[in-house]
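# Structural features, examined
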Amino acid sequence: MSNMVIYPSVHLLPVPSVTLPTFYTTNSYLVGKSEVTLIDPGSSKEESIETTLSYLKGLSGARLTKIIITHRHPDHIQGASAMKDATGAEIGIYESDARFLANQPGAPPIDLTLKDGDIIDLDSLKLEVIHTPGHASGHICLYLPDEQILFSGDLIVGIGTVIISPPDGDMKAYLDSLKRLGDYDIKAICPGHGPLITDAPAKIQEYIDHRLMRERRVIESLEGGEKTVRELVKEIYTDVDPQLHSLAERSVTAHLIKLETEGKVSRHPKKKGDEYFSLILDS
Ligand SMILES: [Zn+2]
């Protein structure tokens, strides 16, 4: 993929990043006509910053006024400071991430503390902030109602699925965030990584179904007796490269925490390390 206009006021600029396995780039987006917002700069490499700046220069009459970050993970936030220094644009992020970053050395200065439902004005266009925790507690999506486009960050990606890693990752919150998207008319999804998604409602449903399928598999596996997270992964993730099993352990842990919260599973710490999980049977 190279830099290009993908919708009348949306430009895609993939930048190299150290990111989720199977991806090597983060999608940066420029949104707007005269007042422009940059979503997820994603790379602090000088080359990437230069490329974005020269692309901006090529958009006649365009001025970068805002840099909005979907969540604080490095592959999304990197480059924000450099872009701000070069353009004077304000940096915006969800309020809890802004609080977190305030104590982090080297974090970019945050000018805009965003909340669910906030509207970011870009001359003739508007972007709505949707708080979508799950992959990260401070994760937001941005919705462009004029073109019915959702910028999904790492809630939904172009290929495969995302990692839900507790404690900041939360499977129940993640499923709730996906379900909430049903309230929006979405024509296309511009993800944080991978290709554009043009069958948005089908993709959202596929994401929900996939997680519920994994959850059912966790329950089925526990019906056979108590198990550790590692044993569950071995049994359930037969379709996934074993090199990714340590990441799968994070997701299984997230499923178990959700089931624990719902009173369906309990954990038993055992001597010599491993924790075992078992089903709580209805009496
Ligand atoms: Zn990412």
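Parameters and conventions
- Residues numbered from 1 in each chain as written.
- Predicted model: local features only at pLDDT ≥ 70, side-chain atom pairs only at ≥ 80, totals over all residues.
- Helix = DSSP H or I, 4+ residues; strand = E, 2+ residues; numbered from the N terminus.
- Buried ≥ 20, exposed ≤ 12 C-beta atoms within 10 Å, placed from the backbone.
- Pairing = 2+ DSSP bridges.
- Axes fitted to C-alpha atoms, helices over the stretch in contact; angles between N-to-C directions.
- Core = buried A, V, L, I, M, F, W, Y, C linked by C-beta atoms within 7 Å.
- Contact = placed C-beta atoms within 7 Å.
- Right-handed = clockwise from strand over helix to strand, strands pointing away.

All right, on to unusual backbone geometry then. With an omega dihedral of 10 degrees, the bond running from Pro-166 to Pro-167 counts as a cis peptide bond. Of note, Pro-167 is situated in the loop between β11 (149–153) and α5 (171–180). If you check the backbone angles, Gln-148 has positive phi at about 50 degrees while not being a glycine. With respect to the helices and strands, Gln-148 occurs in the loop between β10 (140–144) and β11. Judged by the 14 C-beta atoms lying within 10 Å of it, Gln-148 falls in the partly exposed class.

Spatial strand order, β8-β9-β10-β11-β12: five strands in an open sheet with mixed pairing. Lying at the two open borders of the sheet, with one neighbouring strand each, are β8 (119–122) and β12 (188–191). Ignoring which end each strand starts from, the neighbouring axes of this sheet average 25 degrees apart.

Moving on to the nonpolar core. Membership of the largest hydrophobic core comes to 57 residues, with the highest contact counts inside it found for Val-31, Ile-67, Cys-141, Leu-142, Leu-150 and Phe-151. A total of five residues in this core trace back to one element, the largest contributor, which is β10. Those residues in contact with Leu-142, other than ones at most four positions away along the chain, are Ile-39, Ile-68, Leu-127, Glu-128, Val-129 and Phe-151. Judged by nonpolar contacts, the second largest core, of twelve residues, contains Leu-222, Leu-232, Leu-256 and Leu-259.

The side chains of a regular strand alternate between both faces of the sheet. Among the five residues that make up strand β4 (residues 35–39), four are buried, leaving the element largely enclosed by the rest of the structure. Here strand β3 (residues 25–31) runs beside β4; their pairing, made up of three bridges, is antiparallel. Bridging from a neighbouring strand, Tyr-29 pairs with Ile-39 of β4. Hairpin connection of β3 to β4: three residues between the antiparallel strands, including Gly-32 at a positive phi of 125 degrees. The sheet contact formed by β4 and strand β5 (residues 63–68) spans five bridges and is parallel. Bridge pairing links Glu-35 to Arg-63 in β5. For the crossover from β4 across helix α1 (residues 46–57) to β5, the handedness is right-handed.

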